[in-house]
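Chains, contacts and geometry: an overview
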Amino acid sequence: MTTRLRGSLRNAVLAALAATTTALALATPASAQPGAVEYVNLGDSFSAGSGVFPTAPGQPLQCWQSERNFAHIVAAELNYRLTDVSCGGAKTEDFYAPQYSGTRAQLDALSPSTELVTVMIGGNNNNTFGGAMASCIAAAATNPGAHNPCQARYGDSLTEPVVSRTYPALVRALDDIHARAPYAHIVIVGYPWLLPPSGGCFPQPIAPGDVPYLRDLQATLNDAVRRAAAETGTTFVDTAAVSEGRDSCQPVGQRWIEPMLFATQPVPVHPNADGEQALAREVLSAIENN
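A few points on the structure. Predicted model, so just to flag it, every value in this text is computed and none were measured.

For the protein chain, the count of helices and strands is nine helices and five strands. Tracing the protein chain from N to C terminus, the helices and strands come up as α-β-α-α-β-β-α-α-α-β-α-β-α-α. The long-range fraction of contacts in the protein chain, counting pairs at least 24 apart against all pairs at least 6 apart in sequence, stands at 70%. If you sum the accessible surface of the protein chain, you get close to 13300 Å²; carbon and sulfur atoms cover 56% of it.

Right, dumping it as structure tokens:
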């Protein structure tokens, strides 16, 4: 066989291999190619991992988005391509309009090519978390020694907006996520426990009787998230059981939520690095089992 003929055969074989490789790549869904799954994370400070360092590069500083939030952990574990528009302080209304200068409506990150969406949202609607904590801390400060001054003052007025306004807002938001990303697996994550079922809660400056009162408020919110997920065909990740005994009243090393006082990070009453890792584990389990 001449050198020229051998070279022609070699070129023909290489061309055939290249054509076969191209055909296989075109026939392979994008989701099966490493790093090709389009993953979008939406939501508030719990989703953003606000307070957990380091902050994510290229993100608006006001959002306090962490490079170690659960979405970044999930994306790294699965080798997915992540677009993370979660932002501290976000409400469902920020899905539809820019929250800050330099941000965009969170829903604008979605498209028909999106294959996975995760979201935590609802805690800032009606100022549920921040407003309730501030109200109960103030009630304890102005009524020293009282057992449940916050509950005595506010009664059902803190939970009522969750049922009447937050729930329908969650349903609308999830419906719109499905509409924007019609082929995606959509996962909404419930909030981990911030407080224990009962008892004192040092270093949280809350009266002992108001600890179960605030926990009931959070249970009402998580139930609204769960019901909205069921209403819209969305996967719900319940973090209540796994976070029991990991609340903000537990010692350093055991807690997943930092307290109002003596927090080890700049954003208190939010998940620490261990908490974001725990959220990631639950989300990964939900993805693998659905």
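There's more to say after this.
This part is about helix 3 (residues 70-78). All of the buried residues in helix 3 are F70, A71, V74 and A75. Projected down its long axis, helix 3 carries its buried residues within an arc of 135°, all on one side. In helix 3, the exposed positions angled more than 90 degrees off the buried face are occupied by A76 and E77. Buried residues along helix 3 sit against strand 1 (38-43), helix 2 (45-48), strand 2 (81-84), strand 3 (116-120), strand 4 (185-189) and helix 9 (273-288). Positive backbone phi, at 60°, marks N79, one or two positions downstream of helix 3.

For the rest of this paragraph, the subject is the nonpolar core. Counting residues in each nonpolar core, the largest one holds 63 residues, and the members touching the most others are L42, F70 and I177. Broken down by secondary-structure element, the contributors of at least two residues to this core are strand 1, helix 3, strand 3, helix 4 (128-142), helix 6 (160-180), strand 4, helix 7 (210-232) and helix 9. If one sorts the elements of this core by residue count, helix 7 sits on top with nine residues.

What follows covers the layout of surface pockets. Estimates place the volume of the largest pocket at around 290 Å³. Around the largest pocket, the lining is made up of 17 residues, and of these S45, N124, F129, G130 and H270 lie nearest the centre. Elements that contribute at least two residues to the lining of the largest pocket include exactly helix 2 and helix 4. It is helix 4 that provides the largest number of residues to the lining of the largest pocket, a total of four residues.

With that settled, the discussion passes to the sheet that holds strand 1. Here five strands make up an open sheet; going across it, the order is 2-1-3-4-5 and the pairing parallel. Where the open sheet ends on each side, the last strands, each with one partner, are strand 2 and strand 5 (235-237). The mean inter-strand angle of the sheet, taken between neighbouring strand axes irrespective of direction, is 20°. With five bridges connecting them, strand 1 and strand 3 associate as parallel partners. Bridging across to strand 3, L42 finds its partner in V119. Its contacts with the sheet place helix 6 against strand 1, strand 3 and strand 4, and it is angled at close to 155° to strand 4. Contacts between helix 9 and the sheet are confined to strand 3, strand 4 and strand 5, with strand 4 contributing the most and set at about 145° to the helix.

Looking now at the pattern of salt bridges. It is possible for side chains bearing opposite charge to pair when their charged atoms get close. Counted according to the given criterion, the structure contains seven salt bridges. Taking the shortest distance from any N to any O, the salt bridge between D176 and R172 comes out at 3.8 Å. You can see D176 and its partner R172 sitting in helix 6, four residues apart, about one turn around the helix. Among the ionic contacts, a cluster of salt bridges with common partners joins D223, R226 and R227.

If you check helix 4, its first and last C-alpha atoms are 21 Å apart, about what 15 residues at 1.5 Å a residue would give, namely 21 Å. Among all positions of helix 4, only T128, F129, G131, A132, M133, S135, C136, A139 and A140 are buried. In the core, the buried residues of helix 4 are packed alongside helix 2, helix 5 (149-154), helix 6 and helix 7.

Next up on the list: the packing of aromatic side chains. Considering all chains together, one arrives at five aromatic pairs under this definition. Both rings, one in Y39 and one in Y80, keep their centres 6.5 Å apart while their planes meet at 85°; by these two values the pair is edge-to-face. Taken as a pair, Y39 in strand 1 and Y80 in the loop between helix 3 and strand 2 lie far apart in primary sequence, 41 residues in all. For Y39, a relative accessible area of 0% gives the class buried. Their ring planes at 90° and their centres at 5.1 Å tell us that F46 and Y191 sit as a pair that is edge-to-face.

Conventions we followed
- Residues numbered from 1 in each chain as written.
- Predicted model: local features only at pLDDT ≥ 70, side-chain atom pairs only at ≥ 80, totals over all residues.
- Heavy atoms only, no water.
- Helix = DSSP H or I, 4+ residues; strand = E, 2+ residues; numbered from the N terminus.
- Contact = heavy atoms within 4.5 Å.
- Areas by Shrake-Rupley, 256 points an atom, 1.4 Å probe, with all protein chains shown as cover.
- Buried < 20%, exposed > 50% of the residue type's maximum accessible area, 1.4 Å probe, protein only.
- Arc of directions from axis to C-beta.
- Core = buried A, V, L, I, M, F, W, Y, C linked by side-chain atoms within 4.5 Å.
- 1 Å grid on protein atoms, 1.4 Å probe; cavity = no way out; pocket = protein on both sides within 12 Å on 5 of 7 lines; lining within 4 Å.
- Points joined across faces, edges and corners; volume = space filled by probe spheres on them.
- Pairing = 2+ DSSP bridges.
- Axes fitted to C-alpha atoms, helices over the stretch in contact; angles between N-to-C directions.
- Salt bridge = Lys/Arg side-chain N within 4 Å of Asp/Glu carboxyl O.
- Expected span 1.5 Å × (residues − 1).
- Phe/Tyr/Trp six-rings, centres within 6.5 Å; stacked < 30°, edge-to-face > 60°.

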